[in-house]
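Listed below are the residues making up each chain.
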Amino acid sequence: MFENIWQRLRREFDRRRLKDPRWLPLFSDDPSGEVVSIDCETTGFDTKKDDIIYVSAIRVAGNRILTSSAYNAVVRPRAEMRADAIRVHQLRAVDVENGREMREVLPELLDFIGGRPIVGYWIDYDAAMIGRYTREYCGFCLPNRRIEVSKLYYELKYGNAPQGTVIDLSFNAIARDLGLRELPAHDAFNDALSAAEMYVQLTDMKARGRIIERERRDEAAVGIGY
């Protein structure tokens, strides 16, 4: 459901050629049933050139969000900070210059995640950023299944929408519909926490067969907003 065929094939290929058995648990489903909500702040928005400067990961067990045991790390980047990214997260080079190198942070992060699925808003971006380091330092793509909260939201609000319905999958739209508290945006921990709260509510609603009601004006307009 949350994983395409290419991802499954790539995971199996990497598992077969894995050199360090330490990472084998990443390639198997974690028996805890937990997921991990993840968010990264970066030097820019190019997954091939930019670097992570802050990462937060929060485990979710059923409907419990385990914030007291969250993983947070400041990372000293190799790439230069880009002005457009600084405007988003307000972190400057001086704010992360005492961070640790990703070579040191990555093993801790992977141990924290284990074989759990990773959850987030725009999770493919965060997975691509982390995956670049796993390829460089560990020799494999990040194998964890991904759960995109905006897709869960789409299913519950727009799954049966008629053609021409305006579709708004923005972070703010999801938070508003779910009645979530407003946290300062573009902070890795806050964004990971908000994504975890979205996941908990959306999966509970789906399990109970509930949908998110659309306003009538949505039915009359044409276009897609993101």
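A. A look at the side chain of Asp 126. Looking at where Asp 126 falls in the secondary structure, it is placed in helix α5 (residues 123-138). Buried within the structure, Asp 126 lacks any salt-bridge partner; Arg 146 is the closest side chain of opposite charge, at an N-O distance of 9.8 Å. A polar contact is formed between the side chain of Asp 126 and the backbone nitrogen of Cys 40, at a distance of 2.9 Å.

B. Structural view of helix α8 (residues 188-207). Helix length check: α8 (20 residues) gives 28 Å between terminal C-alpha atoms against 28 Å at 1.5 Å per residue, within 8%. In terms of burial, α8 is a largely internal element, 14 of the 20 residues being buried. Put simply, Asp 187 is the residue that caps the front of α8, since its side-chain oxygen is 3.1 Å from the backbone nitrogen of Phe 189. Just beyond α8, the residue with positive phi is Gly 209, at close to 75°.

C. Just the state of the cysteines, in detail. Enumeration according to the criterion identifies zero disulfides in this entry. Of all cysteine sulfurs, the one in Cys 141 lies closest to Cys 138, which takes part in no disulfide; the gap is 11 Å. The class of Cys 141 is buried, set by a relative accessible area of 12%.

D. Focus on the nonpolar core. Grouped together as the largest cluster of nonpolar side chains are 28 residues, with contacts concentrated most on Ile 38, Ile 52, Val 55, Tyr 71 and Ile 130. Broken down by secondary-structure element, the contributors of at least two residues to this core are β1 (35-42), β2 (52-61), β4 (71-74), α4 (102-113) and α5. Of the residues forming this core, the biggest block, seven residues, is contributed by α4. Beyond its immediate chain neighbours, meaning those up to four positions away, Tyr 71 contacts Val 55, Ser 56, Ala 57, Arg 100, Val 105, Glu 108, Leu 109 and Phe 112. Counting residues in each nonpolar core, the second largest holds 24 residues, with Leu 156, Leu 180, Met 198 and Ile 212 among its members.

E. Expanded view of the packing of aromatic side chains. By the definition in use, this model includes seven aromatic pairs. When the centroid spacing of 4.8 Å and the interplanar angle of 20° are considered together, the rings of Trp 122 and Tyr 125 count as stacked. Judged by relative accessible area, which is 8%, Tyr 125 ranks as buried. Between Tyr 133 and Tyr 137 the ring centres are 6.4 Å apart and the planes differ by 15°, which places this aromatic pair in the stacked class. Note that Tyr 133 and Tyr 137 are positioned in helix α5 at a spacing of four residues, about one turn of the helix.

F. Looking closely at the packing of helix α6 (residues 149-158) against helix α7 (residues 171-178). Following both chains from N to C, one finds α6 and α7 inclined at 55°, their axes separated by 11 Å at the closest point. As the angle between them shows, α6 and α7 are arranged oblique. Between α6 and α7 lies a crossing of left-handed hand. Residues Ser 150, Tyr 153 and Lys 157 of α6 lie in contact with α7, whose contacting residues are Ala 173, Ile 174 and Asp 177. Its residues placed into classes, the contact of α6 with α7 shows three nonpolar, one polar and two charged.

G. Summary view of the pairing of β2. Across the 10 residues of β2, eight count as buried, placing the element largely inside the fold. Here β1 pairs with β2 via eight bridges, running antiparallel. Looking at the pairing, Ile 38 lines up with Ala 57 of β2. The pairing of β2 with β4 spans four bridges and is classified as antiparallel. Paired with Ala 57 across the two strands is Tyr 71, which belongs to β4.

Parameters and conventions
Residues numbered from 1 in each chain as written. Predicted model: local features only at pLDDT ≥ 70, side-chain atom pairs only at ≥ 80, totals over all residues. Heavy atoms only, no water. Helix = DSSP H or I, 4+ residues; strand = E, 2+ residues; numbered from the N terminus. Buried < 20%, exposed > 50% of the residue type's maximum accessible area, 1.4 Å probe, protein only. Lys, Arg positive; Asp, Glu negative; His and termini not counted. Salt bridge = Lys/Arg side-chain N within 4 Å of Asp/Glu carboxyl O. Polar contact = N/O pair within 3.5 Å; in protein donor to acceptor, adjacent residues only side chain to side chain. Expected span 1.5 Å × (residues − 1). Disulfide = S-S within 2.5 Å. Core = buried A, V, L, I, M, F, W, Y, C linked by side-chain atoms within 4.5 Å. Contact = heavy atoms within 4.5 Å. Phe/Tyr/Trp six-rings, centres within 6.5 Å; stacked < 30°, edge-to-face > 60°. Axes fitted to C-alpha atoms, helices over the stretch in contact; angles between N-to-C directions. Parallel < 35°, antiparallel > 145°, perpendicular 65-115°, else oblique. Left-handed = near helix turned anticlockwise from the far one by under 90°. Nonpolar A, V, L, I, M, F, W, Y, C, P; charged D, E, K, R; others polar. Pairing = 2+ DSSP bridges.

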